[in-house]
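# Fold and contact review
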Protein chains: 2
Amino acid sequence: MSRPKPALRRLSADALALIARRFAVLAEPMRLRLLHALFPGEKSVGELVTLTGGTQANVSRHLQTLAQAQLLARRKEGLQVFYTISDPSIFPLCELVCGSLEKSHARQRKLVAAGG
Amino acid sequence: MSRPKPALRRLSADALALIARRFAVLAEPMRLRLLHALFPGEKSVGELVTLTGGTQANVSRHLQTLAQAQLLARRKEGLQVFYTISDPSIFPLCELVCGSLEKSHARQRKLVAAGG
DNA sequence: GCTTTATATGCGTGTGTGCGCATATAAGGA
DNA sequence: TCCTTATATGCGCACACACGCATATAAAGC
């Protein structure tokens with residue numbers, strides 16, 4: 001039996017500001033590309049530079065931002081640093097947003113197809 | 001190359017940019033306050049101004065941003081405009097982020113308590 | 001028509017932040 | 001020690017955007 005009311009949290013303005021900051025971390029395309037590249041598993045900075053096509057400096061900075069937000073974990077091994085997704089909530093989060101966007105886009109395509 | 005985890009989406013850079021934009025919409029404290037105020041149900045702009053304590057102009061602008069992102073629906077009735085959450089994925093999205101943040105903060109509190 | 005009420009928008013400013021460039025730090029090899 | 005490789009960081013610029021203020025639009029009442 002599913003819940004009749006999905007237990008709405010009461011959130012303070014401060015809590016909402018924290019949530020906003022978390023969303024802001026996810027609001028950059030390059031950071032999402034890095035997270036997406038890390039979906040299959042741990043990668044070094046160099047690998048991520050190759051996979052995303054970004055500059056080394058930029059990739060490094062974004063990785064730091066993601067790690068600071070507790071989304072990534074850092075592991076040093078010799079000359080290389082390996083990053084891995086440390087917050088599994090990223091996966092369902094992406095699923096939710098993707099599903100929602102697919103619906104929105106289906107609506108938009110309908111309007112466009114209708115000549116609106 | 002077998003894929004043991006077929007649940008992961010393969011996303012283009014364009015798709016990731018769209019997802020980033022969606023997160024950016026959610027990355028503003030005032031917009032989250034508006035969404036939170038709308039959790040119980042439909043409200044007019046004036047009510048939202050009172051509830052959030054923002055200026056009328058600012059609230060109106062943010063509501064427009066949220067509506068443009070397909071997160072809110074608009075209904076006009078006489079002099080008033082009523083907004084309501086039109087994308088139910090907001091609720092589990094908030095749950096995920098809140099849960100994740102609670103874990104992060106528990107970790108941080110631990111470190112602080114340990115004198116780190 | 002004019003006035004009042006509810007909502008939306010144009011403009012200017014300040015701030016945050018992403019990016020490129022160059023350079024710094026760290027680790028390993030000769 | 002010096003050099004190479006892998007990663008991180010300081011600096012400067014440019015762009016996006018949130019906010020406040022004033023004003024514009026829209027609807028209802030007189």
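Look up: the structure comes first, before these words.
### Some thoughts on the protein's contact with DNA strand D
The immediate surroundings of DNA strand D are formed by 23 residues, with R61, Q64 and R74 of chain A together with R61 and H62 of chain B found nearest. Close to the protein, within 4 Å, the atoms of DNA strand D belong to sugar or phosphate groups at a rate of 67%. Within the side chain of S60 of chain A, a nitrogen or oxygen atom sits 2.9 Å from a phosphate oxygen of DNA strand D. In this structure, H62 of chain B approaches DNA strand D through a side-chain N or O atom, which is 2.3 Å from a phosphate oxygen. For the surface near DNA strand D, the elements supplying multiple residues, two or more each, are α3 (45-52), α4 (56-68) and β3 (80-85) of chain A together with α4 (56-68) of chain B. Classifying every residue of the surface near DNA strand D gives seven nonpolar, ten polar and six charged.

### Focus on the protein's contact with DNA strand C
In the region of DNA strand C, 23 residues are neighbours, and R61 and H62 of chain A together with R61, Q64 and R74 of chain B sit closest. Across the atoms of DNA strand C situated within 4 Å of the protein, the share located in sugar and phosphate is 63%. At 2.9 Å from a phosphate oxygen of DNA strand C is found a side-chain nitrogen or oxygen belonging to S60 of chain B. Within the backbone of L79 of chain B, an N or O atom sits 3.4 Å from a sugar or linking oxygen of DNA strand C. Put simply, the parts of the chain that give the surface near DNA strand C at least two residues each are α4 of chain A together with α3 (45-52), α4 and β3 (80-85) of chain B. Top contributing element to the surface near DNA strand C by residue count: α4 of chain B, with five residues.

Cut-offs and rules
- Residues numbered from 1 in each chain as written.
- Chains lettered and ligands numbered in written order.
- Predicted model: local features only at pLDDT ≥ 70, side-chain atom pairs only at ≥ 80, totals over all residues.
- Heavy atoms only, no water.
- Near = heavy atom within 4 Å.
- Polar contact = N/O pair within 3.5 Å; in protein donor to acceptor, adjacent residues only side chain to side chain.
- Helix = DSSP H or I, 4+ residues; strand = E, 2+ residues; numbered from the N terminus.
- Nonpolar A, V, L, I, M, F, W, Y, C, P; charged D, E, K, R; others polar.

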